[in-house]
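Next come the chains, spelled out residue by residue.
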Amino acid sequence: MSDTDTLAPATGLAMTESAARRVHTLITQEGNPDLMLRLTVSGGGCSGFQYGFDLDAAVNDDDTVREFHGVRLVVDEASLDLLQGSVVDYVEDLMGAAFVVKNPNATSTCGCGSSFAI
């Protein structure tokens, strides 16, 4: 990961090129260039919190928007507090393909990778 946009600063977020390519593909399929990847954290899941991913064209008052590799990532203020220093990636393997969050704040994660505890 040599691209500086990929490295998450101690306070902030980052997105890998792999994730950005997948978001770009999804936006192209939807035919709406205004779409962004929205990352949310909500209560629930098997470990206490769970990640949510959605395409969204709206920016709310409490949102932070960052651009990585030509696509935008939007996160609300409450979720951002739990995601400081995280990297959003897109992984394809024999088990399937999915967006994943490498979150240095998580003290434990579930087997599916979409739920975590702090």
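Being a predicted model, the structure only gives us computed values, none of them experimental.

What counts as what
- Residues numbered from 1 in each chain as written.
- Predicted model: local features only at pLDDT ≥ 70, side-chain atom pairs only at ≥ 80, totals over all residues.
- Heavy atoms only, no water.
- Core = buried A, V, L, I, M, F, W, Y, C linked by side-chain atoms within 4.5 Å.
- Buried < 20%, exposed > 50% of the residue type's maximum accessible area, 1.4 Å probe, protein only.
- Helix = DSSP H or I, 4+ residues; strand = E, 2+ residues; numbered from the N terminus.
- Contact = heavy atoms within 4.5 Å.
- pLDDT = per-residue confidence, 0-100.
- Pairing = 2+ DSSP bridges.

### Observations regarding the nonpolar core
Move 1: Among the nonpolar cores identified, the biggest contains 24 residues, and Met15, Leu39, Leu73, Leu83, Val88 and Phe99 are the most heavily contacted of them.
Move 2: When residues of this core are traced back to their parent elements, those giving at least two are strand 1 (13-15), helix 1 (17-30), strand 2 (36-44), strand 5 (71-76), helix 2 (77-83), strand 6 (86-93) and strand 7 (96-102).
Move 3: The element that contributes the greatest number of residues to this core is helix 1, accounting for 5 residues.
Move 4: The residues contacting Leu39, other than those within four sequence positions of it, are Tyr51, Gly52, Phe53, Leu73, Val74, Val75, Asp76, Ser79, Leu83, Val88 and Val101.

### Some points on the confidence of the model for the chain
Move 1: For the chain, mean pLDDT is 83; residues scoring 70 or higher make up 77% of the total.
Move 2: Note on residues 1-5: pLDDT is under 50 here. Beyond four places in sequence and across chains, it has 9 contacts.

### Brief notes about unusual backbone geometry
Move 1: A positive phi angle, near 55 degrees, is found at His69, a position not held by glycine.
Move 2: Along the chain, His69 turns up in the loop between strand 4 (63-68) and strand 5.

### Description of the environment of Phe53
Move 1: Within the secondary structure, Phe53 sits in strand 3 (residues 48-56).
Move 2: Distance from Phe53 to Leu39, taken between C-alpha atoms, is 4.9 Å for residues 14 residues apart in sequence.
Move 3: Excluding anything up to four places from it in sequence, Phe53 contacts Leu37, Arg38, Leu39, Val88, Phe99, Val100 and Val101.

### Here's the deal with the pairing of strand 6
A regular strand places its side chains on the two faces of the sheet in alternate fashion.
Move 1: The pairing of strand 1 with strand 6 spans 3 bridges and is parallel. Counted as the bridge partner of Leu13 is Ser86 from strand 6.
Move 2: Sheet topology note: the strand 6/strand 7 ladder contains 7 bridges and is antiparallel. From the neighbouring strand, Asp93 faces strand 7, where its bridge partner is Gly96.
Move 3: Joining the antiparallel neighbours strand 6 and strand 7 is a turn of 2 residues.

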